[in-house]
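Close look at the chain arrangement
One-letter residues, chain by chain:
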Amino acid sequence: MADLVFNRAKGRVTEWAERVNANDPANSALIIDVLATSGVETDAVLKDKDDFAAVVSGATNFVTQASIRKTLTDTGGITITYDDTNDRVDVDCPDQTWTAVAAGDGFNDVLFGYDSDTAAGTDANILPATLHDFVVTPDGSDITVQIATAGFFRAS
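Residues numbered from 1 in each chain as written. Predicted model: local features only at pLDDT ≥ 70, side-chain atom pairs only at ≥ 80, totals over all residues. Heavy atoms only, no water.

Strands belonging to one sheet form pairs held by backbone hydrogen bonds; the direction of such a pair is parallel or antiparallel. The strand order across the open sheet formed by five strands is 1-8-7-2-3, and the pairing between neighbours is antiparallel. Of all the strands in the sheet, the pair left with one neighbour each is strand 1 (4–5) and strand 3 (70–72). Across eight bridges, strand 2 (residues 29–36) lies against strand 7 (residues 107–115) in antiparallel orientation. When the sheet's bridge partners are listed, Ala29 is paired in strand 7 with Asp115. In the packing of helix 1 (residues 13–21) onto the sheet, the strands contacted are strand 2, strand 3, strand 7 and strand 8 (126–136), and the crossing angle to strand 8 comes to about 100 degrees. (Pairing = 2+ DSSP bridges. Helix = DSSP H or I, 4+ residues; strand = E, 2+ residues; numbered from the N terminus. Contact = heavy atoms within 4.5 Å. Axes fitted to C-alpha atoms, helices over the stretch in contact; angles between N-to-C directions.)

Structure, rendered in structure tokens:
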């Protein structure tokens, strides 16, 4: 589950996942990126950021190794489970693997966000959703983030 839900995303992550799965609007997607270990701001500072550009407008930076950002579309395996027994909703996606990640920036956090139009947008258009602690030092091997069994987001 998320270590942090951004203020702008509270109550909306399920809606964003539903929109991506419905391809409404076309080209909508969940975006996954990784924050570098150097200079990461506190959770209290980060949760107030309103878009991906703002997330890295201070001391926080994205990992710079090539091909780190991932895009999950309506065919990306996003699963939404409506659990009426426990009065909650879980949003899940497959574990994500980065292949042969070169040494460089250390991984500190995995960031999920929502982009309503991947064809036209910039980082200022991607709304941050959840942030997950994920500390790894790349050494040229594959890196896999295991999404929790219940998913990366839960609303209850």
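This paragraph deals with the pairing of strand 2. Counting buried positions along strand 2 gives eight out of eight residues, so the element sits mostly inside the fold. Taking every second residue as pointing to the same face, both faces of strand 2 are buried, with Ala29, Ile31, Asp33 and Leu35 on one and Leu30, Ile32, Val34 and Ala36 on the other. Sheet topology places strand 2 next to strand 3; three bridges connect them, and they run antiparallel. Within strand 3, the residue paired with Ile31 across the bridge is Thr71. (Buried < 20%, exposed > 50% of the residue type's maximum accessible area, 1.4 Å probe, protein only.)

To continue, consider the pattern of salt bridges. In total, this model carries seven salt bridges according to the counting rule given. When the shortest N-O distance is used, the salt bridge between Glu41 and Lys49 registers 3.5 Å. You'll find Glu41 and Lys49 in the same group, each marked buried. Salt bridges sharing partners connect three or more residues here, namely Asp83, Arg88, Asp90 and Arg154. (Salt bridge = Lys/Arg side-chain N within 4 Å of Asp/Glu carboxyl O.)

Enumeration over the complete set of coordinates arrives at five aromatic pairs. The cationic tip of Arg69 hangs over the ring face of Phe62; the distance from NZ or CZ to the ring centre is 5.3 Å. (Phe/Tyr/Trp six-rings, centres within 6.5 Å; stacked < 30°, edge-to-face > 60°. Lys NZ or Arg CZ within 6 Å of the ring centre and 35° of its normal.)

Taken residue by residue, helix 1 has Val13, Thr14, Trp16, Ala17 and Val20 as its buried positions. Summarising the axial view, the buried residues of helix 1 lie within an arc of 160 degrees, below the 170-degree limit, and thus occupy one face. Once helix 1 finishes, Asn23 follows within two positions and takes phi at roughly 55 degrees, a positive value. (Arc of directions from axis to C-beta.)

Distances and angles like these do not, on their own, reveal function.
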